Amino acid sequence: MQIPAEIVFHRIEPSDAVEQAVRERIDQLERYYGRIISCRVVIDRPHHHHRKGNIYSVRVDLTVPGHEIVVDHSGSTPRHHAHEDMHVAVRDAFDAVRRRLEDHVRRMRGKVKVHEHWPEGRVATLEPEQGFGFIETADGRSIYFHRNSVLDDHFDDLDRGSRVSFVEELGEEGPQASTVRLQ
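Treat the numbers as computed from the prediction; the structure is a model and nothing was measured.

S.K.: Explain the nonpolar core residue by residue, including any values.
M.R.: If you look at the biggest cluster of nonpolar residues, it comprises 28 residues, and the most contacted ones within it are V22, V41, I43 and L101. When contributions to this core are tallied by element, the ones reaching two or more residues are β1 (6-10), α1 (16-32), β2 (38-44), β3 (57-64), β4 (67-73) and α2 (86-108). In terms of residue count, the dominant contributor to this core is α2 (9 residues). If we skip the residues at most four places from it in the chain, V41 touches E6, I7, V8, V22, I26, V58, R59, V60 and F94. Of all hydrophobic cores here, the second largest spans 12 residues; its members include F145, V164, F166 and A177.

Right under this line is the structure:
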């Protein structure tokens, strides 16, 4: 790495064990891709809960030639209760960085499948308790989708107005999205 890694603990006491775990994760990334220019990691506790556990957020900024990879795993959604453990929050953030770095390397090497363009829309209605919602398309149509259609388990990350792309098919009760990708 051209610039030494920077690890910042924000609103929490620094932990030697967590810092060591972060450095090991950075080393693994460097072994995979030796052209990393810099890496900055911020571990934060955005909310201090007296009765519940603290949810930690981890932001990783990774700079490689011609590109920056940023992962911000904030613990603001209910599905991140596993992030009450700082080590789990670090692991999840670095797993996401690794996947994005692998995607970047595949694109650089030209080993990416060319997909046809998926239509885009915005989440118009969301029923999280029932596990479904509706996408409003650019031409004003309403497309049903189910939680299982959302890629990478991002259903809980969706909000009304979230931009998505999707693959449409005809369902029993009209148009539905068989695959939904959060933009």
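S.K.: Would you mind going over the sheet that holds β1 in detail, with residue names and values included?
M.R.: If you trace the 4 strands from one edge of the open sheet to the other, you get β1-β2-β3-β4, paired in mixed fashion. Looking at strand neighbours, the two that pair on one side only are β1 and β4, the edges of this open sheet. Neighbour to neighbour, the strand axes of the sheet diverge by 10 degrees on average, direction disregarded.

S.K.: Account for the environment of C39, with residues named and values stated.
M.R.: Mapped onto the elements, C39 comes out in strand β2. By relative accessible area, which is 2% here, C39 ends up buried. Separated by 37 residues in the primary sequence, C39 and Q2 have C-alpha atoms spaced 9.6 Å apart. If sequence neighbours within four positions are ignored, C39 has contacts with M1, P4, A5, E6, I26, V60, D61 and L62.

S.K.: Lay out unusual backbone geometry with the relevant residues and their values.
M.R.: For R11, which is not glycine, the phi dihedral falls at a positive 65 degrees. Topologically, R11 is positioned in the loop between β1 and α1. One non-glycine residue, D152, lies in the positive phi region at around 55 degrees. Looking at the element boundaries, D152 is found in the loop between β7 (142-146) and β8 (163-171).

S.K.: Talk me through the packing of aromatic side chains; I want residue IDs and the actual numbers.
M.R.: Using the criterion set out here, one finds 4 aromatic pairs in the structure. With a centroid separation of 6.1 Å and 90 degrees between ring planes, the pair formed by F132 and F134 is classed as edge-to-face. A relative accessible area of 23% places F132 in the partly exposed class. Look at F134 and you get partly exposed, because its relative accessible area is 26%.

The rules behind the values
- Residues numbered from 1 in each chain as written.
- Predicted model: local features only at pLDDT ≥ 70, side-chain atom pairs only at ≥ 80, totals over all residues.
- Heavy atoms only, no water.
- Core = buried A, V, L, I, M, F, W, Y, C linked by side-chain atoms within 4.5 Å.
- Buried < 20%, exposed > 50% of the residue type's maximum accessible area, 1.4 Å probe, protein only.
- Helix = DSSP H or I, 4+ residues; strand = E, 2+ residues; numbered from the N terminus.
- Contact = heavy atoms within 4.5 Å.
- Pairing = 2+ DSSP bridges.
- Axes fitted to C-alpha atoms, helices over the stretch in contact; angles between N-to-C directions.
- Phe/Tyr/Trp six-rings, centres within 6.5 Å; stacked < 30°, edge-to-face > 60°.

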